[in-house]
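Coordinates in review
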Amino acid sequence: KKSLFSGMQATGTITLGNYLGALKNWVDIDKDEYMCFYSVVDMHSITVRQDPSELRKRARSLLALYIAAGLDPVENCIYYQSHVSAHAELMWILNCFTYMGEMNRMTQFKDKSQKHSDNINTGLFTYPVLMAADILLFQSDVVPVGKDQMQHLEITRDIAERFNKIYGDVFTIPEAYIGKVGQKIMSLQEPEKKMSKSDENANSHILLLDDPDTIMRKFKKAVTDSEACIAYSENKPGIKNLLDIYCSINGKTPEEAVAEFDGMGYGKLKERVGEVVVEELRPIQERYKDIMKDKDYLNMIIKDNGEKASYYATKTLRKVQHKVGFPDRI
Ligand code: TYM
């Protein structure tokens, strides 16, 4: 079987962008073809300050959401990054194969260090190296992510190739897998910007646990343009984004959607997209509530899958440690 890894940060409830760009694609992956690892990457989260009890709560909530969205925890290994120490150990080694210049070029670092200028810590700087460790630990062939993670995927490949060149074929070189639609869902308020949970304007993003009224209200307030004509075009980012959301949920092509909405006003489009989102999220929210209630079930998954992830991760780690010249364990 081929191997696949992806992860999400536990910084707040995830958005419709995280869902359509990543989680929904994860659910559709053929489990007979891939062995899948999905992590709640809590170690990445502390690159910006977190309230400890909040972070713990959110990590658990995110793990439950993975399952609620349709990831079977028996077929998929769903676990906390911080429960598998191999992530940190491999990261250290990879740090020594990554150049300052490479990290300096990362656009996410530039953005985040502007936003958190009071706390530009070295974790934020080497964030992509931890991500490379996540991916390479599981010898991942494929990494399903949204478009904003492409640069990190490329640096992961560079680090892996550099390492392999010196030590032989140690790491599988991973490929990004980006869905056809939904790869970049934009803010409902500023459709030139990606939808992000860290956006202070709550109307800019749909959260996965938003109730139906809130979802409808946010869509009604979505920023569009003054043309009053429904078309799928880069020049109409607000409308394009609404059509993208619509299409990534019901599998229609943008052309089909445009034909369907022909002659209708923007108000109707917003309402239809809102309804489709509400119906998509309703069963997820119901399952989420049930899962969160069953504490023992969730604890068992966390423990079993953490051990399983550790087993596979340690296999790669030992190989790498040997290659770089650390004494073998007897
Ligand atoms: P994070 O937590 O920011 O986002 C999780 C996933 O959601 C995707 N995404 C989006 N897709 C479409 N439209 C949007 N507006 C949108 N916003 C977010 C992201 O592309 C991502 O796939 N560094 C990663 C987490 C990570 C990771 C990894 C991912 C850590 N280690 C290893 C893959 C492999 C991050 O912060 O994603």
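Residues numbered from 1 in each chain as written. Predicted model: local features only at pLDDT ≥ 70, side-chain atom pairs only at ≥ 80, totals over all residues. Heavy atoms only, no water.

Looking at an unreviewed UniProt entry, one finds the protein named Tryptophan--tRNA ligase and attributed to Anaerostipes rhamnosivorans. On record in UniProt, under Function (unreviewed entry), the comment for the protein is "Catalyzes the attachment of tryptophan to tRNA(Trp)." (UniProt positions renumbered as here; feature names shortened; annotations may be inferred.)

Along helix 8 (residues 127-137), 11 of the 11 residues are buried, which leaves the element largely enclosed by surrounding structure. The positive-phi residue at the C-terminal boundary of helix 8 is Q139, with phi of around 50°. (Buried < 20%, exposed > 50% of the residue type's maximum accessible area, 1.4 Å probe, protein only. Helix = DSSP H or I, 4+ residues; strand = E, 2+ residues; numbered from the N terminus.)

Before going further, it helps to examine the packing of aromatic side chains. One pass over the structure, following the stated rule, counts 13 aromatic pairs. Residues W26 and Y66 carry aromatic rings whose centres are separated by 5.3 Å and whose planes lie at 80° to one another, so their mutual orientation is edge-to-face. Of the two residues, W26 is situated in helix 1 (residues 16-27) and Y66 in helix 3 (residues 52-68); the sequence distance between them amounts to 40 residues. Between Y311 and Y312 the ring centres are 5.1 Å apart and the planes differ by 85°, which places this aromatic pair in the edge-to-face class. Residue Y312 is classed as partly exposed on the basis of its relative accessible area, which comes to 29%. In textbook terms, an aromatic cluster arises when at least three aromatic residues are bridged by ring pairs, as seen for F5, F37, Y79, F138, Y311 and Y312. (Phe/Tyr/Trp six-rings, centres within 6.5 Å; stacked < 30°, edge-to-face > 60°.)

Of all hydrophobic cores here, the largest spans 61 residues; its most connected members are L16, Y19, L23, Y66, F219, I245 and V277. When residues of this core are assigned to their parent elements, the largest contribution, 10 residues, is made by helix 13 (residues 266-293). The contact partners of V277, leaving out residues within four places of it in the chain, are L16, I206, I215, F219, I245 and I249. Counting residues in hydrophobic clusters, the runner-up holds 39 residues, among them F125, F138, I159 and A313. (Core = buried A, V, L, I, M, F, W, Y, C linked by side-chain atoms within 4.5 Å. Contact = heavy atoms within 4.5 Å.)

Right, let's talk about unusual backbone geometry for a bit. Positive phi outside glycine occurs at Q139, with the angle close to 50°. By secondary structure assignment, the location of Q139 is in the loop between helix 8 and strand 4 (142-144). Even without glycine at this site, A228 takes up a positive phi of about 55°. With respect to the helices and strands, A228 occurs in the loop between helix 10 (212-220) and helix 11 (237-250).

Structurally, Q114 is set in helix 6 (residues 107-115). On a C-alpha basis, the gap between Q114 and V145 in space is 24 Å, while along the polypeptide they are 31 residues apart.

The next subject is the pattern of salt bridges. Using the criterion set out here, one finds 19 salt bridges in the structure. Between E33 and K2 there is a salt bridge, with the nearest N and O atoms lying 3.4 Å from each other. Placement of E33 in the loop between helix 1 and strand 2 (34-40) and of K2 in strand 1 (residues 2-8) is noted, with a sequence separation of 31 residues between them. Residue classification places E33 among the partly exposed residues on the basis of a relative accessible area of 35%. (Salt bridge = Lys/Arg side-chain N within 4 Å of Asp/Glu carboxyl O.)

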